[in-house]
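Given next are the chains, with one letter for each unit.
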Amino acid sequence: MSWMVWTMPTAIFFSAIAAMLAGMTVWEIVSPTIERKGFLPISTTRGDRLFVGLLSAAFIHLGVIGYTSLSIWLALAASLVWLLVLMRWG
Amino acid sequence: MNKVYNNRAWLLVLPMLILVSFSAIVPLMTVVNYSVQDVLGPNASFFTGTEWFKTMLNDPELQAAFLRQILFSFTILAIQIPLGIGIALIMPKSGWQASAVLILITLPLLIPWNVVGSIWQIFTRGDIGLMGWGLRQMGVDYNITRDGTDAWLTIILMDVWHWTPLVAMLCYSGLRSIPDAYYQAARIDRASKWAVFRYIQLPKLTNVLVIAVLLRFMHSFMIYAEPFVLTGGGPGSSTTFLSQSLTTMAVGQQDLGPSAAFSLIYFLVILLVSWVFYTTIMNMQKDKNSQGGA
């Protein structure tokens, strides 16, 4: 595995993604998702909302890193809040 | 209706999943790892955090390449989509002429990308190329290795030549699927040609057009071989598009960290656009189904 040059932050990142996917699978088995329409212009399932949340989180991070001098933790916090809002009301 | 869900069928996907994890997921993870480090050798790497991303996002050359890429993609869409519809409308509808025209139209699609580049490279040469020589004989100062505008126009012309047939064929198949009854009704109403196009053909073409726009956008956003062979990104960097900047950085200069960060940004942009297009297509079909069911 050394050729993949793992670092702690990236390992945590991918573990978090894997945990999310596993969690979503368990959640889906326990109570299957119902497609519904929230504030997003399209009707979405839970998985769709997670995807939108993660993708916008990526762009939030890029924006903060590239064009502001704010801390990346602020971007992470904003992304998490946005993800929760999206999962609940999106 | 009660659907039976049998999740054991997922096991059949397992071989594919293993294959993809080695061909795509593990390499992607490695790219992510590289993007936060300065890897000098097998056991010498330094953690750089978000530095590469910051550099890449603020790199004026990459920003210029990104703008050129967007300008290019939208220019060829603005030309190819209307042109493709137009060609599909005048194509013969039956008989041997239809087959002959279809074959003629498809020919450019069969040529590999770098060969298309070579063809146009020779075609536009001032000494032996028909177009290059011909234009110069007519007194046009045409030189794609010196004049950025000429290079741009040639690349756009080349892409239009290579890919408009795809749009035309998609539209042609869309047009063929319109039942005759619509045209009969239009004749009874004495609808003009424009009205037939606007209220029958165009609405029926929407679905294939979305597919055409999606395919053409993705293709053109990742264009590499054709401009690389034709102009090599020049003159200067006037026709250097994103994938070529990436190759220069990753293969030419071996700047693995920055190019990893840049590929991730590139990947995210493509992912975003694909998702928007995919969602649009799926929702259009959903709307249609709900109308059909009502």
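Cut-offs applied
Starting afresh in each chain, residues are numbered from 1 along the sequence in its written order. Each chain gets a letter, beginning with A, and each ligand a number, beginning with 1, in the order they are written. In keeping with the predicted nature of the model, local features appear solely for residues at pLDDT of at least 70, side-chain atom pairs appear and are counted solely at 80 or more, and the whole-chain, interface and lining totals rest on all residues. No hydrogens and no water enter the side-chain calculation; it runs on all heavy atoms of the structure. In this text, helices come from DSSP runs of H or I with a minimum length of four residues, and strands from runs of E with a minimum of two, each type numbered from the N-terminal end. Here the globule rule is a power law, 2.2 Å times the number of residues to the power 0.38, and the radius of gyration is based on C-alpha atoms. Exposure classes here rest on a 1.4 Å probe applied to the protein chains alone. A residue is buried below 20% of its type maximum, exposed above 50%, and partly exposed in between. Reported accessibility uses the Shrake-Rupley method at a 1.4 Å probe radius. Residues are deemed covered only where the shown protein chains occlude them. Contacts were defined at the residue level, with two residues in contact if any of their heavy atoms lie within 4.5 Å. Buried surface area refers to the total accessible area, computed with a probe of radius 1.4 Å, that the two partners give up upon joining, counted for both partners together. In protein, a polar contact means a hydrogen-donor-capable atom and an acceptor-capable atom, both N or O and within 3.5 Å, with residues adjacent in sequence counting only if both atoms are side-chain atoms; elsewhere, any N or O pair within 3.5 Å suffices. Each residue receives one of three labels: charged for Asp, Glu, Lys and Arg, nonpolar for Ala, Val, Leu, Ile, Met, Phe, Trp, Tyr, Cys and Pro, and polar for the others, Gly being one of them. Any Phe, Tyr or Trp ring, taking Trp's six-membered ring, that has another such ring centre within 6.5 Å forms a pair; planes under 30 degrees apart are called stacked, those over 60 apart edge-to-face, and the others tilted. The criterion for a charge sitting over a ring is simple: Lys NZ or Arg CZ within 6 Å of the ring centre, and within 35 degrees of the ring normal. UniProt positions are given in the numbering used here, feature names are shortened, and annotations may be inferred rather than shown by experiment. Residues with no salt bridge and a relative accessible area higher than 30% make up the patches, which join like charges within 9 Å and nonpolar side chains (Val, Leu, Ile, Met, Phe, Trp, Tyr) within 5 Å. A pairing counts as a salt bridge when a side-chain nitrogen of Lys or Arg comes within 4 Å of a carboxyl oxygen of Asp or Glu. One less than the residue count of a helix, multiplied by 1.5 Å, gives the span that helix is expected to have. In this scheme, the bend at a residue equals the angle between the axes fitted to the seven residues that finish there and the seven that begin there.

### Some points on the overall build of chain B
- When helices and strands are tallied, chain B shows 12 helices and 2 strands.
- Here the C-alpha atoms of chain B give a radius of gyration of 24 Å, more than 25% beyond the 19 Å that 2.2 N^0.38 yields for 294 residues.
- On the principal axes, the C-alpha backbone points of chain B span a range of 80 × 75 × 30 Å.
- Every one of the 294 residues in chain B was classed for burial, and the buried ones make up 40%.
- By element, 68% of the accessible surface of chain B is carried by carbon and sulfur atoms, the whole surface being about 17000 Å².

### Notes on the interface of chain B and chain A
- Contact residues are listed per partner, giving 25 residues for chain B and 22 residues for chain A.
- Summing both sides of the interface, chain B and chain A together bury roughly 2200 Å²; the carbon and sulfur share of this comes to 76%.
- When the area that chain B buries against chain A is broken down by residue, the three leading residues are Asn33(B), Leu57(B) and Trp275(B), summing to 24%.
- Counting across the chain B and chain A interface gives 7 residue pairs in polar contact (both at pLDDT 80 or more).
- Looking at the side of chain B that touches chain A, the elements that each hand over two or more residues are α1 (14-35), β1 (37-41), α2 (51-58) and α12 (256-293) of chain B.
- The element that contributes the greatest number of residues to the side of chain B that touches chain A is α12(B), accounting for 9 residues.
- When grouped by side-chain class, the residues that make up the side of chain B that touches chain A number 15 nonpolar, 8 polar and 2 charged.

### Re the packing of aromatic side chains
- Summed over the entire model, instances satisfying the criterion amount to 17 aromatic pairs over all chains.
- Ring centres 5.8 Å apart and planes at 90 degrees place the aromatic pair Trp152(B) and Phe241(B) in the edge-to-face group. With Trp152(B) in helix α7 (residues 148-176) and Phe241(B) in the loop between α10 (225-230) and α11 (242-252), this residue pair connects regions lying 89 residues apart in the sequence. In this pair, the class of Trp152(B) matches that of Phe241(B), namely buried.
- Through successive ring pairs, a cluster of aromatic residues spans Phe66(B), Phe74(B), Phe217(B), Phe221(B), Phe262(B) and Tyr266(B).
- Looking at Arg46(A), its charged tip hangs above the ring of Trp27(A), at a distance of 3.9 Å from the centre.
- It is Arg176(B) that lies over the ring of Tyr172(B); its NZ or CZ is 4.8 Å from the centre.

### What about the UniProt feature "domain: ABC transmembrane type-1" (unreviewed entry) in chain B?
- In the numbering used here, UniProt assigns the feature "domain: ABC transmembrane type-1" (unreviewed entry) to residues 66-277 of chain B.
- Spanning residues 66-277 of chain B, this segment combines 76% helix with 0% strand, and its end C-alpha atoms are found 20 Å apart.

### Quick look at a nonpolar patch on the surface
- On the surface, Trp10(B), Leu12(B), Val13(B), Met16(B) and Leu19(B) cluster together to form a nonpolar patch covering roughly 610 Å² of accessible area.
- With respect to the secondary-structure elements, Val13(B) resides in the segment before α1.

### Description of the side chain of Thr240(B)
All names here are of chain B.
- Note that Thr240 resides in the loop between α10 and α11.
- Using a relative accessible area of 14% as the deciding quantity, one classes Thr240 as buried.
- Aside from chain neighbours lying at most four places away, what touches Thr240 is Ala65, Arg68, Gly233 and Ser245.

### Some points on the UniProt feature "transmembrane region" (unreviewed entry) in chain B
All names here are of chain B.
- Here the UniProt-annotated "transmembrane region" (unreviewed entry) positions come out as residues 12-36, 66-89, 101-123, 151-175, 196-218 and 259-278.
- Between the C-alpha atoms that bound residues 12-36 there is a distance of 36 Å. The span itself is 88% helix and 0% strand.
- Secondary structure over residues 196-218 splits into 100% helix and 0% strand, and the C-alpha atoms at its two ends are 31 Å apart.

### What about the UniProt feature "transmembrane region" (unreviewed entry) in chain A?
Residue and element names in this part refer to chain A.
- Mapped onto the present numbering, the UniProt feature "transmembrane region" (unreviewed entry) falls at residues 6-30 and 72-89.
- This span, residues 6-30, is 92% helix and 0% strand, and a straight line between its end C-alpha atoms measures 34 Å.
- Within the segment residues 72-89, helix and strand shares are 100% and 0% respectively, and the terminal C-alpha atoms sit 25 Å apart.

### Some remarks on α7(B)
All names here are of chain B.
- In this model, α7 (29 residues) spans 41 Å end to end at C-alpha, consistent with the 42 Å of a helix rising 1.5 Å per residue.
- Trp163 marks where α7 bends most, by close to 40 degrees; the proline Pro165 follows one to four residues later.
- Where α7 begins, the side chain of Asp147 points an oxygen toward the backbone nitrogen of Thr149, at a separation of 2.8 Å.

### Quick notes on the pattern of salt bridges
Residues and elements named next belong to chain B.
- Overall, the coordinates contain 4 salt bridges over all chains when judged by the stated rule.
- Among the salt bridges present, the one from Arg146 reaches Asp141, with a minimum N-O distance of 3.5 Å.
- Here Arg146 falls in the exposed class, since its relative accessible area comes to 57%.
- Given a relative accessible area of 57%, Asp141 falls into the exposed group.

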